[in-house]
Amino acid sequence: MKKILRYLVMTVMAVCFAIPGINAAEAATVALLPLVNNVQGDDLANQVFYKQAMAVLNSKRGFVMVENDKLTAVIEKETANGALPGERALQAIAKDGDVDIVIAMQLDKLEDDVIMSSEENKLQLDLQGYAVAYNRLTGEFYKHRIYNDKIVPEAVTARWDWVHEEWGRSVRLEMDRILSGK
């Protein structure tokens, strides 16, 4: 009887140790395409884009960014300079580059305008662009217009680069939206 009980306990322990491995899934691979920056003379927008996109990717579990020569060649073949890739191009990049999720963003306008008033001067942001993504795991194509016309007091923005801070915030929001549907 003791042997049967011992074998039963050992079997239960073996099953308990194996259960966490059953739910473990492989990380989804992500390809982040270069920013299509249509704002003349604003190279800082590219740096903000990569910094914020990588921060979101690193903060989420289950995603691994892929960057290799094969993927770079496929991206160069499927994309045109200055143009956001469409659904077919993203599908081809995902298939030929062997990645699960392909993400691309375009920045068309990034500036602030001063609004003079008798109370206080205000700044109005003009941020426009697009975000696209293709998820090969689900077969879904994502396209969203990035738009922000926030108005804030000018005095609040005197000590930092408010325009690029808002661009970074928009990148984080889009990355979160794209990666939430793994």
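Structural notes, computed from the coordinates. (Residues numbered from 1 in each chain as written. Predicted model: local features only at pLDDT ≥ 70, side-chain atom pairs only at ≥ 80, totals over all residues. Heavy atoms only, no water.)

Tallied over the entire structure, the rule returns nine salt bridges. As a salt-bridge pair, E78 and K77 come within 4.0 Å of each other at their nearest N and O atoms. Taking relative accessible area as the criterion, K77 reaches 63% and is therefore assigned exposed. A salt bridge links E166 to K150, with the shortest nitrogen-to-oxygen separation between them at 3.2 Å. Taken together, the residues E166 in helix α5 (residues 162-179) and K150 in the loop between β6 (140-148) and β7 (151-153) connect sequence positions 16 residues apart. (Salt bridge = Lys/Arg side-chain N within 4 Å of Asp/Glu carboxyl O. Buried < 20%, exposed > 50% of the residue type's maximum accessible area, 1.4 Å probe, protein only. Helix = DSSP H or I, 4+ residues; strand = E, 2+ residues; numbered from the N terminus.)

Our focus in this paragraph is the nonpolar core. Within the largest apolar cluster, 31 residues are counted, with the highest numbers of intra-cluster contacts made by I103, L110, W167, M175 and L179. Every element with two or more residues in this core is listed here: β1 (28-32), α2 (44-59), β4 (101-115), β5 (122-135) and α5. Setting aside chain neighbours within four positions, we find I103 in contact with V30, A31, L32, L33, V132, A133, M175, I178 and L179. Listed in part, the 16 residues of the second largest apolar core include L33, L84, L90 and A94. (Core = buried A, V, L, I, M, F, W, Y, C linked by side-chain atoms within 4.5 Å. Contact = heavy atoms within 4.5 Å.)

Put simply, side chains in a regular strand alternate between the two faces of the sheet. Pairing of β1 with β4, which is carried by three bridges, proceeds in the parallel orientation. Looking at the pairing, L32 lines up with I103 of β4. Across two bridges, strand β2 (residues 36-37) lies against β4 in parallel orientation. Within the sheet, the bridge partner assigned to V36 lies in β4 and is Q106. Sheet topology note: the β4/β5 ladder contains 14 bridges and is antiparallel. Across the sheet, E111 pairs through a bridge with D126, a residue of β5. Here β4 folds back onto β5, and the loop between the two strands holds six residues. (Pairing = 2+ DSSP bridges.)

This next bit is on a nonpolar patch on the surface. On the surface, L5, L8 and V12 cluster together into a nonpolar patch covering about 290 Å² of accessible area. Here L5 lies in helix α1 (residues 2-23). (Patch = residues over 30% accessible without salt bridge, like charges linked within 9 Å, V, L, I, M, F, W, Y side chains within 5 Å. Areas by Shrake-Rupley, 256 points an atom, 1.4 Å probe, with all protein chains shown as cover.)

Here the focus is the pairing of β5. β5 sits mainly inside the fold: 10 of its 14 residues count as buried. Two strands pair when backbone bridges link them, and β5 and β7 are joined in this way by three bridges, in the antiparallel orientation. Pairing of K122 across the sheet is with P153, part of β7. Bridge count for β5 against β6 is nine bridges, and the pairing is antiparallel. If you follow Y134 over to β6, its bridge partner there is F141. Taken together, β5 and the strand that follows it, β6, pair antiparallel across an intervening segment of four residues, in which G139 is found at a positive phi of about 75°.

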